Amino acid sequence: MRLQALTKCAAVAGALALPLTLGATAASATTGGAGSALAVGATGPVAIPATPSVTSTAQRPERKSVAELPANPLVEARLLNVAAWSGHARASVADLKVARLGLTASAVTAKCENGNGISHLVKAKMGGRTLKAGATPNTIVTIAVPQVGNATVTLNKHVRDTDGNLTVTAIEVSATIAGKTQTLSIASVNCGKAVGQPGQPGQPGEPGPSDPGTPSSPATPPGEAPAPTPVPGDLPVTG
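The sections below set out a description of the structure shown in this document.

Parameters and conventions
- Residues numbered from 1 in each chain as written.
- Predicted model: local features only at pLDDT ≥ 70, side-chain atom pairs only at ≥ 80, totals over all residues.
- Heavy atoms only, no water.
- Helix = DSSP H or I, 4+ residues; strand = E, 2+ residues; numbered from the N terminus.
- Buried < 20%, exposed > 50% of the residue type's maximum accessible area, 1.4 Å probe, protein only.
- Areas by Shrake-Rupley, 256 points an atom, 1.4 Å probe, with all protein chains shown as cover.
- Disulfide = S-S within 2.5 Å.
- Salt bridge = Lys/Arg side-chain N within 4 Å of Asp/Glu carboxyl O.

## Side note on the overall build of the chain
Looking only at helices and strands, the chain features one helix and 13 strands. Sequence-ordered secondary structure for the chain, helices as α and strands as β, is α-β-β-β-β-β-β-β-β-β-β-β-β-β. Here the chain, with 239 residues, has 36% of them falling under the buried criterion. For the chain, the accessible surface area stands at approximately 13,700 Å², while carbon and sulfur atoms represent 57% of it.

## Describing the state of the cysteines
Inspection of the entire model under this criterion finds one disulfide. The side chain of cysteine 112 participates in a disulfide bridge whose partner is cysteine 191; the two sulfur atoms lie 2.0 Å from each other. Between cysteine 112 and cysteine 191, the S-S torsion sits near -65 degrees, and that sign places the bridge as left-handed. One end of the pair, cysteine 112, is in strand β6 (residues 103–113); the other, cysteine 191, is in strand β13 (residues 180–191), and 79 residues separate them in sequence. Taken as a pair, cysteine 112 and cysteine 191 share a single burial class, namely buried.

## Quick notes on the pattern of salt bridges
Under the criterion given, the structure shown has three salt bridges. The salt bridge partner of aspartate 95 is arginine 78, with a shortest N-O separation of 2.6 Å. One end of the pair, aspartate 95, is in strand β5 (residues 88–98); the other, arginine 78, is in strand β4 (residues 76–85), with 17 residues separating them in the sequence. By relative accessible area, which is 27% here, aspartate 95 ends up partly exposed. In this structure arginine 78 comes out as partly exposed when scored by relative accessible area, which is 21%. Residues arginine 90 and glutamate 113 are paired through a salt bridge, measuring 2.5 Å at the closest nitrogen-oxygen approach. Here glutamate 113 lies in strand β6 and arginine 90 lies in strand β5, a separation of 23 residues in the sequence.

Here it is, written out as structure tokens:
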């Protein structure tokens, strides 16, 4: 069983590494702000610190992974992965289970690139209801949860601040447990908007190449003497 778990972890990590490596080239060509990501976090009666989490302004991805979420009364999850670098962030969670809220998912992912983001769910359900895999930003669903009451689920949550930075959270759940508000965030990423990229003149912060203008033709081609110019006048006659 342990060997199967390690094998699955390696396979998922390898699959995630491919797009991140490809994205590193684009990241090094931008001047975007910091990127940050968290896989699972919760506040309320059950508080779970962002696990794992990462923030980076580097030009290469900084990654963190946790094979299994530490034991807690609310959430079970495996293969938690995050990565961040300048203007980019990724987060993913596998085998998500929140028994008290009836929430399950085979995989949850979110990514943010230069101020744009998206999230995706695989086989996600809550209270017996299927959650849309690629929901439009800020899709809100209210679901009745036995012994809890109504829970509000926001799918593909997008929040942009005044600086243009975007936060994308694949799943955010809010419910009342023990008379207090419980919130749960799954796969949340944040990135800044790119200022400009080389090769795109006119972008702010990236001056384009100056116009060399039209070179003028030399008055006299190199290596050639100027043509004589006749000068009118009388020449004296001798002899």
